[in-house]
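# Structure assessment
What follows is the residue order along each chain.
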Amino acid sequence: MSITAGWTRLLMVVSAAAFAGAAYAIRAAMDGPVEQYSGAAFSAAIVYTIVIFIRPLISPLRAASAAVAYCWFIEFAQLTPIPAALSERAWLVRQLLGAQFDLVDVAWYPVGAVPLVAAHWFLRAGRRSRPTPTPAGP
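To keep things clear, this report deals only with the structure shown in the data block. From a predicted model like this one, the values you see are computed outputs, not experimental measurements. (Residues numbered from 1 in each chain as written. Predicted model: local features only at pLDDT ≥ 70, side-chain atom pairs only at ≥ 80, totals over all residues. Heavy atoms only, no water.)

### Focus: the overall build of the protein
Note the threshold: Secondary structure elements are taken from DSSP: a helix is a run of H or I of four residues or more, a strand is a run of E of two residues or more, and numbering for both begins at the N terminus. Each residue gets one of three labels from its accessible area relative to the maximum for its type: buried under 20%, exposed over 50%, partly exposed in between, using a 1.4 Å probe on protein chains only. Note on contacts: a residue pair qualifies if any of its non-hydrogen atoms lie within 4.5 Å across the two residues. Accessible areas in this description were obtained via Shrake-Rupley with a 1.4 Å probe; residue shielding takes into account the shown protein chains only.
Helix and strand counts for the protein stand at 6 helices and 0 strands. Ordered by position in the sequence, the α and β elements of the protein form the string α-α-α-α-α-α. Residues classed as buried in the protein amount to 31% of the 138 residues present. Looking at the protein alone, contacts between residues at least 24 apart form 64% of all its contacts between residues at least 6 apart. Split by element, the accessible area of the protein, about 9,200 Å² in all, is 71% carbon and sulfur.

### Concerning the pattern of salt bridges
We count it as follows: Whenever a carboxyl oxygen of Asp or Glu lies within 4 Å of a side-chain nitrogen of Lys or Arg, that contact is scored as a salt bridge.
By the definition in use, this model includes 1 salt bridge. With a closest N to O distance of 3.5 Å, Arg27 and Glu35 form a salt bridge.

### Here we look at the packing of aromatic side chains
As a reminder of what qualifies: Centres within 6.5 Å are what make two rings of Phe, Tyr or Trp a pair, Trp counting through its six-membered ring; a difference in plane orientation under 30 degrees is then read as stacked, over 60 as edge-to-face, and the rest as tilted. Placement of a positive charge over a ring is assigned whenever Lys NZ or Arg CZ falls within 6 Å of the ring centre and within 35 degrees of the normal to the ring plane.
Under the definition given, this model contains 4 aromatic pairs. Ring centres of Phe19 and Phe42 lie 6.1 Å apart, and the angle between their planes is 35 degrees; this geometry places the pair in the tilted category. With a gap of 23 residues between them, Phe19 in helix 1 (residues 3-29) and Phe42 in helix 2 (residues 33-54) connect regions that are remote in the sequence. Its end group placed over the ring of Phe53, Arg9 keeps NZ or CZ at 5.8 Å from the ring centre.

Structure representation (structure tokens):
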């Protein structure tokens, strides 16, 4: 594993923790649509960081597509009784799967991924624009 991949993975762990902390802080401080919709957006952001953790060199658009597709899969799975039944058994499962389908959440998942795509593209462009060091001659 290269140093770049290692640092990227560390940044993704820190970012996921920060996103989760922000989501829980908003949930603790507010009630209503801001709390609900920010939770969906932060969920997508956390999944985006997991995708980057697994594949550090993936393109921003592919990472966002994977994150949003996964979030949509989980959301639409809530139309079945399985996530609700599993969520009743454990707090962590409820955090991961939710328990109730909400069509509005489907629209908020991309909202959580788009800023990360922009940041990811910006960071990649900055990395490419740096001149590569040339080895010193004899």
